[in-house]
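Read off the chains here:
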Amino acid sequence: MSFEFALKIMAYSEEIRQSNRFEMASQIFRSGTSIGANIKEAQNAESKADFIHKMKIAAKEADEVQYWLALCKESEFYPNPSKELHNEIQSINLILSKIISSSKKS
């Protein structure tokens with residue numbers, strides 16, 4: 001799910017770049033693509049604590065993406081992100097939250 005989301009974020013950030021909004025495009029690109037990278041790192045964690053830590057980093061990045069998308073949606077100067085992007089980042093946030101809480105319990 002995070003890989004497909006990253007591809008969509010890459011496309012959306014290119015759409016923003018076409019509006020000459022390079023800073024926002026870079027922010028969204030970095031945080032949107034790092035979610036999956038951090039999840040991938042967590043899969044190769046050296047310990048349970050390391051796994052939780054890397055998943056928390058992925059969750060922070062997902063929160064950041066959600067913030068950037070909300071800003072773009074509310075601003076008249078940026079292309080409106082799709083409802084699909086909003087739904088997917090909400091799902092990713094929920095999944096990461098569940099993984100983190102479950103990992104802490106076990």
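The structure we're discussing is the one just above.
Per chain, residues are indexed from 1 in the order of the written sequence. Residue-level local features of this predicted model are given only where pLDDT is at least 70; pairs of side-chain atoms are given and counted only at 80 or more, and the full residue set underlies all totals for whole chains, interfaces and linings. Side-chain metrics rest on all non-hydrogen atoms present in the structure, leaving aside hydrogens and water.

Description of the side chain of Asn93
What counts is decided by this rule: Helix numbering and strand numbering both begin at the N terminus, where a helix is a DSSP run of H or I of at least 4 residues and a strand a DSSP run of E of at least 2. Buried residues are those whose accessible area, probed at 1.4 Å on protein chains only, stays under 20% of the maximum for their type, while exposed residues exceed 50% and partly exposed ones sit between those limits. In this analysis, two residues are considered to be in contact whenever any of their non-hydrogen atoms come within 4.5 Å of each other.
Its place among the elements puts Asn93 in helix α4 (residues 83–105). Under the relative-accessibility criterion, Asn93 is labelled buried at 13%. The contact partners of Asn93, leaving out residues within four places of it in the chain, are Ala59, Ala62, Asp63 and Gln66.

Points about the packing of helix α3 (residues 48–74) against α4
This is how the line gets drawn: Interaxial angles span 0 to 180 degrees and are taken between N-to-C directions of axes, which are lines fitted to C-alpha atoms, for helices over the stretch in contact. Should an angle fall under 35 degrees it is called roughly parallel, over 145 degrees roughly antiparallel, and 65 to 115 degrees roughly perpendicular, with every other angle called oblique. By definition, turning the near helix anticlockwise from the far helix through less than a right angle yields a left-handed crossing, and turning it clockwise yields a right-handed one. Three classes are used: nonpolar for Ala, Val, Leu, Ile, Met, Phe, Trp, Tyr, Cys and Pro, charged for Asp, Glu, Lys and Arg, and polar for all others, with Gly counted as polar.
The contact between α3 and α4 brings their axes to 9 Å, and the two run at 155°. As judged from the angle between their axes, α3 and α4 are roughly antiparallel. Handedness of the crossing formed by α3 with α4: left-handed. Partitioning the contact of α3 with α4 into residue classes produces 15 nonpolar, five polar and five charged.

With respect to the nonpolar core
Applied cut-off: For our purposes a nonpolar core is just a set of buried Ala, Val, Leu, Ile, Met, Phe, Trp, Tyr and Cys residues, chained together by side-chain atoms within 4.5 Å.
Counting 24 residues, the largest nonpolar core has Phe5, Ile28, Ile35, Ile89 and Leu96 as its most contacted members. Those elements giving two or more residues to this core turn out to be α1 (2–17), α2 (22–43), α3 and α4. In terms of residue count, α3 provides more of this core than any other element does, nine residues in total. The contacts of Leu96, once residues within four sequence positions are left out, are Ile35, Ile39, Met55, Ala58, Ala59 and Ala62.

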